[in-house]
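Reading the structure
Spelled out, the chains give:
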Amino acid sequence: MNMHAARSAFGFDTLKTILGISVLAIRWDDAVALLSRLVADGRFTKVSFLNAHNANLACSDPVFAEALDDFLVLPDGVGVDIAAKLLYGAPFPDNLNGTDFVPAFLQASTRPLTVALLGATRVNAEAASVKLSALAVQHKFVVVHDGYFSPAEEPAIVERIARLRPDVLLVAMGVPRQELWIARHIDARHCILPIAVGALLDFLSGTVPRAPLWMRRVRLEWLFRLWIEPGRLWRRYVVGNPLFLWRVLKQKLSHGPRPAEARR
């Protein structure tokens, strides 16, 4: 299922367009149930998450934006919530950030699945696999490869995934590389649910700390990440967040919230 299929399956009222990207507006439990159903039905679906940073990248990278059009995109973070409120008058029903949502989805899936991990460093991927195995004992977790491979190594990695044919493939290579890699290399022959998960494996391994729970609850995890990794993330947040909001305001002024979509 891509976003075009989602339009017919869910209707326009469950989709919000943020800077040209269609994002599914759905409650947490419904999203868990949806992904579980897609796996049970064997329905190949590429999954990604949209936050302010990804949206900015899609604005400046048409290849990435076009790739996202074939993904089921879930809302991640306070930025897209602010955008939804500005454009549609209401935020997304829930914050489906991948770091919390993907482990929760795997925990909730009672049917035993094979879950492949691709990306991060080998040490972090192995540690994440151990953590996930403890969180969701019903599933089998397999580390396919780290995220540091050359183009020459790609065919063997893709072939290994095809032989394994996992139910779920977690791809952790950073944005936009992970989405573009899935788009170029992964189809229904390889797995059912490829999910672009960003830094999830690094977080699960404990190498990169999460913000305290109170900061996550008040939607300030981005501020904690900026404090932890200012050199790498200052441009993403200090420059990127205002740029994202400016682009959203420009969308509102030039196109409006497109309320007609919700009524079709």
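Our structure's up above, just so we're on the same page.
The numbering scheme is per chain: residues are counted from 1 as the chain's sequence reads. Given that the model is predicted, a residue must reach a pLDDT of at least 70 before its local features are reported, and side-chain atom pairs must reach 80 or more before they are shown or counted; all residues, however, enter totals for whole chains, interfaces and linings. Only hydrogens and water are set aside when side-chain values are computed; all heavy atoms of the structure are taken into account.

Observations regarding the overall build of the chain
What counts here: Per the convention used, a helix needs a DSSP run of H or I reaching at least four residues, while a strand needs a run of E reaching at least two, with both numbered from the N terminus. Here the globule rule is a power law, 2.2 Å times the number of residues to the power 0.38, and the radius of gyration is based on C-alpha atoms. Partly exposed residues are those whose accessible area sits between 20% and 50% of the maximum for their type, while under 20% is buried and over 50% is exposed, using a 1.4 Å probe and protein chains only. Throughout, a residue-residue contact means that at least one pair of heavy atoms, one from each residue, lies within 4.5 Å. Per-residue and other accessible areas follow the Shrake-Rupley method at a 1.4 Å probe size, with only the shown protein chains counted as cover for residues. Counted as positive: Lys and Arg. Counted as negative: Asp and Glu. His and the chain ends are not counted at all. The location of each charge is read from NZ of Lys, CZ of Arg, CG of Asp or CD of Glu.
When helices and strands are tallied, the chain shows 14 helices and 8 strands. Taking 18 Å as the expected radius of gyration for a compact globule of 264 residues, we find that the chain reaches 18 Å, a close match to that expectation. Overall, the C-alpha framework of the chain stretches about 50 × 40 × 35 Å when taken along its three principal axes. Each of the 264 residues in the chain was classed as buried or not, and the buried ones make up 51%. Relative to all contacts within the chain whose residues are 6 or more apart in sequence, the contacts with residues 24 or more apart total 75%. Per element, the accessible surface of the chain, about 12000 Å² overall, is 58% carbon and sulfur. Taken as two groups, the 31 positive and 24 negative side-chain charges of the chain have centres that lie 4 Å from each other.

Points about the side chain of Thr45
Filter applied, for reference: Throughout this description, a polar contact denotes any pair of N or O atoms lying within 3.5 Å of each other; where both atoms belong to protein, one of them has to be capable of donating a hydrogen while the other can accept it, and for residues adjacent in sequence the pair is counted only when both atoms sit in side chains.
As for its placement among the helices and strands, Thr45 is situated in the loop between α2 (28-40) and β3 (47-50). Within the structure, the side chain of Thr45 is placed 3.0 Å from the backbone oxygen of Arg43, a separation counted as a polar contact.

Some details on the packing of aromatic side chains
Basically, it comes down to this: Aromatic rings from Phe, Tyr and Trp, taking only the six-membered ring of Trp, are treated as a pair when their centres fall within 6.5 Å; an angle between ring planes under 30 degrees marks them as stacked, one over 60 as edge-to-face, and anything in between as tilted.
In total, this model carries 5 aromatic pairs according to the counting rule given. Their ring planes at 85 degrees and their centres at 5.3 Å tell us that Trp28 and Phe101 sit as a pair that is edge-to-face. Note that Trp28 is positioned in helix α2 and Phe101 in helix α6 (residues 98-108), a separation of 73 residues in sequence. Assessed through its relative accessible area of 24%, Trp28 is described here as partly exposed. Ring geometry for Phe49 versus Phe101: centroids 6.5 Å apart, planes at 70 degrees, classification edge-to-face. One end of the pair, Phe49, is in strand β3; the other, Phe101, is in helix α6, and 52 residues separate them in sequence. Since its relative accessible area comes to 7%, Phe49 is described here as buried. Joined through ring pairs, the aromatic side chains of Trp28, Phe49 and Phe101 make up one cluster.

Regarding the packing of helix α5 (residues 78-88) against helix α13 (residues 230-255)
Stated formally: Lines fitted to C-alpha atoms define the axes here, with helix axes fitted over just the stretch in contact, and angles between the N-to-C directions of these axes take values from 0 to 180 degrees. These descriptions rest on fixed angle ranges, namely under 35 degrees for roughly parallel, over 145 for roughly antiparallel, 65 to 115 for roughly perpendicular, and the rest for oblique. For any pair of crossing helices, the crossing counts as left-handed if the nearer helix is rotated counterclockwise from the farther one by less than a right angle, and right-handed if it is rotated clockwise. Residue classes follow a fixed rule: Ala, Val, Leu, Ile, Met, Phe, Trp, Tyr, Cys and Pro count as nonpolar, while Asp, Glu, Lys and Arg count as charged, and any other residue, Gly among them, counts as polar.
Running from amino to carboxyl end, α5 crosses α13 at an angle of 20 degrees, the nearest separation of the two axes being 10 Å. It follows that α5 is roughly parallel to α13 by the angle criterion. Every pair of crossing elements has a handedness; the one defined by α5 and α13 is right-handed. Residues Gly79, Val80, Ile82, Ala83, Leu86 and Leu87 of α5 form the contact with α13, whose own contacting residues are Phe244, Leu245, Val248, Leu249, Gln251 and Lys252. Residues belonging to the contact of α5 with α13 are distributed by class as follows: 9 nonpolar, 2 polar and 1 charged.

Description of helix α3 (residues 52-60)
Within α3, the full set of buried residues consists of Ala52, His53, Asn54, Ala55, Asn56 and Ala58. If you follow the buried residues of α3, they end up packed against β2 (21-24), β3, α4 (62-68), α5 and α13. Among the residues of α3, the N-terminal cap falls to Asn51, whose side-chain oxygen and the backbone nitrogen of His53 are separated by 3.1 Å.

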